[in-house]
Structures are given as structure tokens and as C-alpha cells.
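Next come the chains, spelled out residue by residue.
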Amino acid sequence: MDFGTASQRLTRTDAAGPGRDGVLRTLRTGPFRFETGGSLPFLDVGYETWGRLDADASNAVLLHHALTGDTHVARGEGAEPGWWDGFVGPGRTIDTDRFFVVAANMVGGCYGTTGPSSPDPDGRPWGSRFPFTTVRDSVRAEARLADALGIDRWHTVLGGSLGGARALEWAAEYPDRVARCVVVAATAASSAEQIAFARIQTEAIRLDPDFAGGDYYAAGPGPVAGLGLARRLAHITYRSEPELDVRFGRSPQGSELPLGSATFDRGRYQVESYLDHQASKLVGRFDANSYLALTEALMSHDVGRGRGGVRSALGRLAGVRFMVAAVDSDRLYWPEQSERLARSLPGRTAVRYITSPIGHDGFLTDIGQLDAELRDGFLD
Ligand SMILES: CC(=O)SCCNC(=O)CCNC(=O)[C@H](O)C(C)(C)COP(=O)(O)OP(=O)(O)OC[C@H]1O[C@@H](n2cnc3c(N)ncnc32)[C@H](O)[C@@H]1OP(=O)(O)O
Ligand SMILES: N[C@@H](CCO)C(=O)O
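Residues numbered from 1 in each chain as written. Chains lettered and ligands numbered in written order. Predicted model: local features only at pLDDT ≥ 70, side-chain atom pairs only at ≥ 80, totals over all residues. Heavy atoms only, no water.

- The name an unreviewed UniProt entry assigns to the protein is Homoserine O-acetyltransferase, from the organism Arthrobacter halodurans.
- The Subunit (unreviewed entry) field of the UniProt record for the protein holds the comment "Homodimer." (UniProt positions renumbered as here; feature names shortened; annotations may be inferred.)

## Some thoughts on the site of ligand 1
Piece 1. As a structural note, the neighbourhood of ligand 1 is formed by 20 residues, with R247, S273, Y274, H277 and K281 the closest of them.
Piece 2. The contact in question runs from an oxygen atom of ligand 1 to an N or O atom on the side chain of R239, over 2.8 Å.
Piece 3. Contact with the protein chains covers 65% of the free accessible surface of ligand 1, which is 1000 Å².
Piece 4. Those elements giving two or more residues to the shell around ligand 1 turn out to be α5 (224-238) and α7 (270-283).
Piece 5. Looking at which element gives the most residues to the shell around ligand 1, the answer is α7, with six residues.
Piece 6. A class-by-class count of the residues in the shell around ligand 1 yields five nonpolar, eight polar and seven charged.
Piece 7. Taken domain by domain, the shell around ligand 1 gets at least three of its residues from each of domain 1 (6-189 + 303-375) and domain 2 (195-295). (Near = heavy atom within 4 Å. Polar contact = N/O pair within 3.5 Å; in protein donor to acceptor, adjacent residues only side chain to side chain. Areas by Shrake-Rupley, 256 points an atom, 1.4 Å probe, with all protein chains shown as cover. Helix = DSSP H or I, 4+ residues; strand = E, 2+ residues; numbered from the N terminus. Nonpolar A, V, L, I, M, F, W, Y, C, P; charged D, E, K, R; others polar. Domains from an automatic or database assignment.)

## Some details on the environment of H301
Piece 1. Tracing the sequence through the fold places H301 in the loop between α8 (288-299) and α9 (310-315).
Piece 2. Distance from H301 to E169, taken between C-alpha atoms, is 8.7 Å for residues 132 residues apart in sequence.
Piece 3. If sequence neighbours within four positions are ignored, H301 has contacts with V135, A165, T187, A188, A189 and S190. (Contact = heavy atoms within 4.5 Å.)

## Some details on the nonpolar core
Piece 1. Formed by 46 residues in total, the largest nonpolar core has its most connected members in W154, W170 and C181.
Piece 2. Sorting the residues of this core by element identifies β4 (44-50), β5 (60-64), β8 (100-104), α2 (135-149), α3 (162-173), β10 (180-184), β11 (321-327) and α10 (335-344) as the ones contributing at least two each.
Piece 3. The leading source of residues in this core is α2, at six residues.
Piece 4. With residues near it in sequence (within four places) discarded, W170 still touches L62, H64, V139, E142, A143, A146, W154, V157, P175, R177 and V178.
Piece 5. Counting 27 residues, the second-largest nonpolar core is a separate cluster that includes W84, F87, V101 and F378. (Core = buried A, V, L, I, M, F, W, Y, C linked by side-chain atoms within 4.5 Å. Buried < 20%, exposed > 50% of the residue type's maximum accessible area, 1.4 Å probe, protein only.)

## Regarding unusual backbone geometry
Piece 1. With a phi angle near 55 degrees, A57 is a residue other than glycine that sits in the positive phi range.
Piece 2. One can find A57 in the loop between β4 and β5.
Piece 3. If you check the backbone angles, A185 has positive phi at about 50 degrees while not being a glycine.
Piece 4. The topology assignment puts A185 in the loop between β10 and α4 (192-207).

## Quick word on the pairing of β4
Piece 1. The buried fraction of β4 amounts to seven of the seven residues, a majority that puts the element mostly inside the structure.
Piece 2. Residues D44, G46, E48 and W50 of β4 are buried on one face, and the alternating residues V45, Y47 and T49, pointing to the opposite face, are buried as well.
Piece 3. With four bridges joining them, strand β1 (residues 25-28) and β4 adopt antiparallel strand pairing. Looking at the pairing, R28 lines up with D44 of β4.
Piece 4. Where β4 and β8 come together, four bridges link them in antiparallel fashion. When the bridges of β8 are listed, Y47 appears paired with A104. (Pairing = 2+ DSSP bridges.)

## Regarding the UniProt feature "binding site: substrate" (unreviewed entry) in the protein
Piece 1. Cross-referencing UniProt, the feature "binding site: substrate" (unreviewed entry) maps to R231 and D361 in the present numbering. Spatially, the listed residues are clustered: although they cover 131 residues, their C-alpha atoms lie within 13.5 Å of one another.
Piece 2. With respect to the secondary-structure elements, R231 resides in helix α5.
Piece 3. In contact with R231, other than residues within four places in its own chain, are T68, Y238, Q278, A279, L282, R285 and Y291.
Piece 4. Checked against the element boundaries, D361 lands in the loop between β12 (351-354) and α11 (362-365).
Piece 5. Assessed through its relative accessible area of 11%, D361 is described here as buried.
Piece 6. The residues contacting D361, other than those within four sequence positions of it, are H235, Y238 and R239.

## Notes on the pattern of salt bridges
Piece 1. Scanning the entire structure with this criterion turns up 24 salt bridges.
Piece 2. The shortest N-O distance in the salt bridge between R305 and E35 comes to 2.9 Å. In this pair, R305 is assigned in the loop between α8 and α9 and E35 in the loop between β2 (32-33) and β3 (39-40), connecting sequence segments 270 residues apart.
Piece 3. In this structure R305 comes out as partly exposed when scored by relative accessible area, which is 28%. (Salt bridge = Lys/Arg side-chain N within 4 Å of Asp/Glu carboxyl O.)

## Looking at the packing of α5 against α7
Each pair of packed helices can be summarised by the angle the axes make with each other and by the distance between the axes.
Piece 1. Orientation of α5 relative to α7, taken along the N-to-C sense of each, is 125 degrees, at an axis distance of 8 Å. With respect to α7, the axis of α5 lies oblique. For the pair α5 and α7, the crossing hand works out as right-handed. Each of V224, L227, G228, R231, R232, H235 and I236 in α5 lies in contact with α7, whose residues at this interface are Y274, L275, D276, Q278, A279, L282 and V283.
Piece 2. In terms of residue class, the contact of α5 with α7 is made up of eight nonpolar, three polar and three charged. (Axes fitted to C-alpha atoms, helices over the stretch in contact; angles between N-to-C directions. Parallel < 35°, antiparallel > 145°, perpendicular 65-115°, else oblique. Left-handed = near helix turned anticlockwise from the far one by under 90°.)

In C-alpha cells:
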């Protein structure tokens, strides 16, 4: 099964070695024990790099993708654009002429790192046997990648949304290995409402008859209806009410008639068609089990777990320089939650704001608003 462009770029290597910019490679680890007890005989960690590591390995930057993102942050040798192209590249804020940039796919994902759709040693997809995974598992896998690449300490770790949770978890798990940490549109721990929205999504997938308990790979495309429903709900939370209203209002989609002529026989509003499109795009590029694994990893996100609570976990991070940023219209990762996170960090850093009408996805579309803050001092 092909989950999109990333898998087409996949080439497998067993050693890190010097890289080619923006080409997906894989580091195979030894046995991997998950935070909550499961284990796998090995993990493949899919990653891409840009630029060159300095002789003293002091210029390495780790970028983290969000829930359904991948490792292709910036353009590389090929023509395929990256999802943060304006932000990462030669002369950009994350300047690949200066930094050695690394992006790894999360454990449980479907863009290069071992996940439920990956084959077990007998060649069968792990499916329902894939262990429950947490953000901390991904960070620990990335630490092995850092070891293999010869990086003792990151110059900067940076990410948004689930990627922001990963960045923060890196600082908490390995404070001596992180000099700077940028957390965008993320919280110290997933809130009740974030867990609630996520649960509806995971339920939509599990209730799809084609989910087959997670072992659907041999039978066909799998729970595409459930995954599409999950994405529709999620996408609403990624945008703002005013944006949807201004953009779509009550307009019908093309010549469709939303009032209909009989029960269950009506055309769509534009916003329905928009959500249908977002759903079908995701279904075409993402594995439902990976969506479950990463969503539940995000539900479990709590930087204070096993560390005496959030305040205690964050209070120890005086050696890490932080930037916390929020999207002012975010109704999923509320700005107040970023403010709370920033207040809990040593030095009580001020929250930087991305001003955008669109909501949570502003961390993807408008990250450039952090350029000046990052270039002007923070990344020095
Ligand atoms: C494999 C990967 O590339 S994943 C890595 C990067 N991606 C991510 O990390 C997250 C996934 N991506 C996203 O969430 C989004 O694409 C974002 C946030 C990056 C971009 O958001 P925006 O630029 O604001 O796009 P927006 O939400 O407006 O959607 C535009 C799409 O809706 C479509 N659309 C707009 N109105 C309608 C409508 N009435 N009916 C149907 N479709 C519509 C557009 O045609 C466009 O389609 P396209 O994306 O196929 O070209
Ligand atoms: N649009 C983003 C939002 C999640 O933060 C994604 O799909 O990864």
C-alpha cells in the first residue's frame, strides 16, 4: 500500500552516513522498548537532512512535523517542495547553509519510521500488534538517530502542534542535549478538550467495519470512511470559525442545492465540499492505524508524566533557552495554554504571537512571522 509521496522517496540504508539534502533515508535501530511496555525487535527511523554538520557538531537543528506531516520539511536534491520551504533552506531563517537540519518521522507513522503498516520480520504488517506509542518513544528513537549522526547536543529543536510537543519532550528528556527549544502552538500536556476531540476521531476509525480490529491491510483500502470522518472533524478544529464563515459562509457548492428535494437528497454547502476534499486528500496519503497511533500518542502527551508533574518537569530546564509561540486565533491549542507553558518555564519567557485569521493551521501557513524573532538573537 502506498501512503503518498514520501513512501515513493524512501530508500533504505542501515547506517546514517553523510546525507543528500532532502532525501528520505532510514536508520535501523536494535531492539526498541516502548515507554508503556511493548517492544519491537528493531525500528527503522525515517529521516531527512539538509546542510553539513560542523566539525564540532554544534550546528544541528531538529525539526518536528505535526500529526500528519512528514520529513520533507524543505526542498532538497529533487524538485518536490517541502512543507516549510519558506522557512527552511539556503538563506532562510533555518538556514541550511549554516545549520545541519534533521527531520525524523514519528514512531508509529507511515512516512519512513516503523509504524503499524510496516512489515514485521516475517513480512506481515504489524497492524493491531503495533505497541502503544507515546511522544517520549519518538524522542528516544530520535536520540538514537542523533547518536548515529554524531550529534551530542542540538543547537535547536523546533516544532509546531504535535511537533511542538516533541520539541518540549526532547528538552525534558534530554536537557543536556538541547541548547534551544522552540514550541509553537502546543501545550505542556494535552488538555481534556484536546483529548475529547481526539477521541471522536479515533472512535470514527475504530467504528468503521473495514477497520477489522486494525488488521485490514490484506483486505483492501481499510477504514477510509472512518479516517475521512476523523479528518473532517479534526480539520474544523485546525481552522477558525471566522475563517470558515468569511471563506464559505452559507454558499452552495457550485450548482449543488443544499436544500434538496427529498430527505437525504440534497447538494452540499461549500464548507461540506471543502471538508470532503480535506478528507479525501488525507485518506489518499495516510494510514488509518498510523493516524490512531499518532493521535493517541498526542492524547498521552504530558511532559510531567513520571517527572513529578508539569511544573516540576519544566522547572528543571534552566539550561535550555526557550521560545514559545502561539497562533492568536487557535481554538484547539489555545493561546492561554501557551501562556501557561511559558509561565512555567524558568525565566518566564514571553509568548510570541503568530497573527492569523485561520486558526491552529497558522503555525504551518504563517510560521514566517517568527522569522525576525528567531533571526534576531534567538538562533545566535
Ligand atoms: C505528505 C505531506 O505533504 S504532509 C506535510 C505537510 N503537511 C502538514 O504538515 C499538514 C497537512 N496540510 C495541511 O494541513 C494544509 O495543507 C495546510 C495547513 C498546510 C495548508 O492550508 P491552506 O493553504 O490554508 O489550504 P486550505 O485549507 O485552504 O485547503 C486548500 C484546498 O482546499 C480546496 N478547496 C477550497 N475550497 C473548496 C471547496 N469548496 N470544495 C472542495 N475543495 C476546496 C482547494 O482546492 C485546495 O485543494 P488542494 O490542497 O488539493 O490544492
Ligand atoms: N494540519 C496539521 C494539523 C495538526 O497539527 C496536520 O495535519 O498535521
